[in-house]
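# Summary of structural features
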Amino acid sequence: MSGNVSAWSFLIDGPLLLKSRRFRDHRGYLMETYSGPHFATVGVHDVFVQDNQSLSVQAGTLRGMHFQLSPRAQAKLVRVLQGAILDVVVDIRRASPSFGQHIACRLSAGGGEQFYVPAGFAHGFVTLEPDTIVAYKVSDVYAPDLDRGLAWDDPDLALPWPDLPGGFVLSEKDRRHPRLRDLPDAF
Ligand SMILES: Cc1cn([C@H]2C[C@H](O)[C@@H](COP(=O)(O)OP(=O)(O)O[C@H]3O[C@H](C)C(=O)[C@H](O)[C@H]3O)O2)c(=O)[nH]c1=O
């Protein structure tokens, strides 16, 4: 706890759930959504070089599971500006004792949580409300030639996506990623 940010770790080493203190007064609140020195005190040491933001109009929009290969592997710091998501990461570090295991966190604009995803994890989310806006920092720039994906519905991973009667809204790219067992060595 740095005073302005708290962090919770998981059984899988690396990812963190972060919550920044909201300084409330009669006008509303202020919070530090990112502070290099403060976040370093709770284990986030990456230097983030790019901010991304995506709008997903329909609830049930699923983006994932994505990662970039070295030397452009990205750590990510994910938060929700509007709406809510189920954020999911899969450990794809082949030497990791938790290889193939996942963590899922519900993130919402109201909750103000952030999910820190180190390099070495595939990342994706499904939106739980219409018009959900996700903002995330990345520790390296976009490298399309090193951008890779893992099948969101890999039966070996049993990712905890919600049952949605209408199914998911996916990009064509996200319909075609390989299963983990068919993924060339990623990390
Ligand atoms: C990620 C990215 C994309 N783009 C361009 C490439 C495409 O023309 C367009 C949409 O890209 P994409 O379909 O890959 O966007 P998402 O499906 O939201 O992918 C992202 O969503 C999941 C959850 C992630 O974790 C990744 O950060 C990222 O892969 O934006 C850029 O120009 N820069 C970028 O940094």
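Residues numbered from 1 in each chain as written. Predicted model: local features only at pLDDT ≥ 70, side-chain atom pairs only at ≥ 80, totals over all residues. Heavy atoms only, no water.

## Focus on the pairing of strand S2 (residues 16-20)
Where burial is concerned, the two faces of S2 differ: the one with Leu 16, Leu 18 and Ser 20 is buried and the one with Leu 17 and Lys 19 is not. Bridge count between strand S1 (residues 5-9) and S2: 5 bridges; the pairing is antiparallel. Residue pairing for S2: Ser 9 is matched across the bridge by Leu 16. Taken together, S1 and the strand that follows it, S2, pair antiparallel across an intervening segment of 6 residues, in which Gly 14 is found at a positive phi of about 125°. Bridge count between S2 and strand S10 (residues 113-117): 4 bridges; the pairing is antiparallel. In the sheet register, Leu 18 faces S10, and the bridge partner there is Gln 114. (Buried < 20%, exposed > 50% of the residue type's maximum accessible area, 1.4 Å probe, protein only. Helix = DSSP H or I, 4+ residues; strand = E, 2+ residues; numbered from the N terminus. Pairing = 2+ DSSP bridges.)

## Things to note about empty space enclosed by the protein
Applying the stated rule across the entire model yields 1 cavity of 30 Å³ or more. Approximately 40 Å³ is the volume found for the largest cavity. If you trace the largest cavity, you find 11 residues lining it, with Phe 67, Gln 68, Gln 74, Lys 76 and Phe 121 closest to the centre. Sorting the residues of the lining of the largest cavity by element identifies strand S6 (62-68) and strand S11 (121-127) as the ones contributing at least two each. In the lining of the largest cavity, the residues fall into 6 nonpolar, 4 polar and 1 charged. (1 Å grid on protein atoms, 1.4 Å probe; cavity = no way out; pocket = protein on both sides within 12 Å on 5 of 7 lines; lining within 4 Å. Points joined across faces, edges and corners; volume = space filled by probe spheres on them. Nonpolar A, V, L, I, M, F, W, Y, C, P; charged D, E, K, R; others polar.)

## Re the confidence of the model for the protein chain
For the protein chain, the mean per-residue pLDDT works out to 95, and 97% of the residues sit at or above 70. Predicted complex metrics record ipTM = 0.98 and pTM = 0.96. (pLDDT = per-residue confidence, 0-100.)

## Let's talk about the sheet that holds S10
As summarised here, the arrangement of the 6 strands in space is S1-S2-S10-S7-S12-S5, forming an open sheet in which the pairing is antiparallel. Looking at which strands have only one partner, the edges of the open sheet turn out to be S1 and strand S5 (50-56). Averaged over all adjacent pairs, the angle separating strand axes in this sheet is 25°, with direction ignored. Relative to S10, strand S7 (residues 76-82) runs antiparallel, the two being bridged by 4 bridges. By the bridge assignment for S10, Arg 79 is matched with Gln 114. (Axes fitted to C-alpha atoms, helices over the stretch in contact; angles between N-to-C directions.)

## What to know about the sheet that holds strand S8 (residues 84-91)
Taken in spatial order, the 5 strands of this open sheet run S9-S8-S11-S6-S13, and their pairing is antiparallel. At either end of the open sheet lies a strand with only one pairing partner, and these are strand S9 (102-108) and strand S13 (147-149). Neighbour-to-neighbour, the strand axes of this sheet turn through a mean angle of 25°, independent of strand direction. Direction of pairing for S6 relative to S11: antiparallel, over a ladder of 3 bridges. Bridge pairing in S11 places Leu 62 opposite Val 126.

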